[in-house]
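Notes for the structure review
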Amino acid sequence: MAEPGRRFAIGYALLPKKRESFIQESLVSLAQERGIDLVQIDTDKPLVEQGPFDCVLHKLYGEDWKKELQEFSLRNPNARIVDPPAAIERLHNRISMLQVVSELKVENHEDTFGIPKQIVIYDSETLGEAQAWEPLKFPVIAKPLVADGSAKSHKMSLVFNQDGLKKLKPPIVLQEFVNHGGVIFKVYVVGEYVKCVKRKSLPDVSEEKLKSLEGSLSFSQVSNITTRERNDDKYYKMMHLEDKEMPPQSFITDIARGLRRAMKLNLFNFDVIRDIRIGNRYLVIDINYFPGYAKMPSYETVLSDFFWDIVNQKETNALVTSLKNDGESEVGSDRRPSPKNSCDKDSRKYGSDDCCLDGEGEEITISS
């Protein structure tokens, strides 16, 4: 544990929009009460010349920033980087982001899960070849292969027939749409903390309705609902979500912790839908790094607790290193027990591939 009166500094490097939504006064104040100061990193100056920081919290990309983090880590080996750039980059590709889900197993649950049935189209010529997308059944969701948080990466379409494919610009991912009751479950992960919330999604499309639909339909992820309204009971009544059953909490938590271990990430969310054809079948359709946590109820408390765990873990690791250097072989009661592994290798249920919709979005949710 930290020494009494010891203060910690967490440096954060975020784009202006992300900084505005995440670094709110309520979060800063609560962290300060826990002895943690959130300090903005000046990206115009070398990172190694700033601090000292016990932890660097970031959501910036590019080779220059990666080199800055590497140099900082070399000079400050006890400081935590949340999260490693190499781990984050996996989520920038919509195929590799979901591959980890297909390899994941969870144990002792009646419910099952999988990933979307999907294909990648790299060029327009291939898009015009029926055999390329023949394994899929219309309608399909079309979305850019790259998921880097840019406005372009959020542009998606619901495609109803072959004519609708003509407007698409590869490289793209085509995912088969699955009726899911118009509800998406967004699962926020902050270290060991897991929170699942309901949001409205695209409406179901019946076989009869599909016959009358042509081409494609673009849909926006911009929501007119404010963060405060989202957290209020009136929001759920307005969206007719109050009667929608949530997935089993233990099931979702096991998936979340399995993903966290596999991806080596602490801050992410993933979107889940329930296949209405199979009531206990769930599809993980999207994973986002460092999402809009301000939308999550009591996010200030959750993040402050996470910061406290991070800096104290850093202190413990430093203590372990010091004791080892002094010839000690055991660590006393200051060492915190590791969380129980909820994704044991030998006794977990496979999640297989299946078809899906999409619940994409870093800081915004889909509204039909």
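Residues numbered from 1 in each chain as written. Predicted model: local features only at pLDDT ≥ 70, side-chain atom pairs only at ≥ 80, totals over all residues. Heavy atoms only, no water.

Regarding the sheet that holds strand E4 (residues 80-82)
Pairing within the open sheet is parallel, and its four strands lie in the order E2-E1-E3-E4. Across the chains shown, the open sheet's two edge strands, defined by having one partner strand only, are strand E2 (36-40) and E4. The sheet shows a mean angle of 20° between the axes of neighbouring strands, direction not considered. Across the face of the sheet, helix H3 (residues 63-75) comes into contact with strand E1 (8-13), strand E3 (55-58) and E4 while running at roughly 170° to E3. (Pairing = 2+ DSSP bridges. Helix = DSSP H or I, 4+ residues; strand = E, 2+ residues; numbered from the N terminus. Axes fitted to C-alpha atoms, helices over the stretch in contact; angles between N-to-C directions. Contact = heavy atoms within 4.5 Å.)

Examining the pattern of salt bridges
All chains considered together, the criterion is met by twelve salt bridges. Of the charged contacts, one joins arginine 7 and aspartate 37 as a salt bridge, the two residues approaching to 2.8 Å between their closest N and O atoms. Within this pair, whereas arginine 7 is found in the segment before E1, its partner aspartate 37 is found in strand E2, the two being separated by 30 residues in sequence. Judged by relative accessible area, arginine 7 falls into the partly exposed class, the value being 40%. (Salt bridge = Lys/Arg side-chain N within 4 Å of Asp/Glu carboxyl O. Buried < 20%, exposed > 50% of the residue type's maximum accessible area, 1.4 Å probe, protein only.)

Overview of the environment of aspartate 163
Looking at the secondary structure, you find aspartate 163 in helix H8 (residues 162-165). We classify aspartate 163 as partly exposed; its relative accessible area is 47%.

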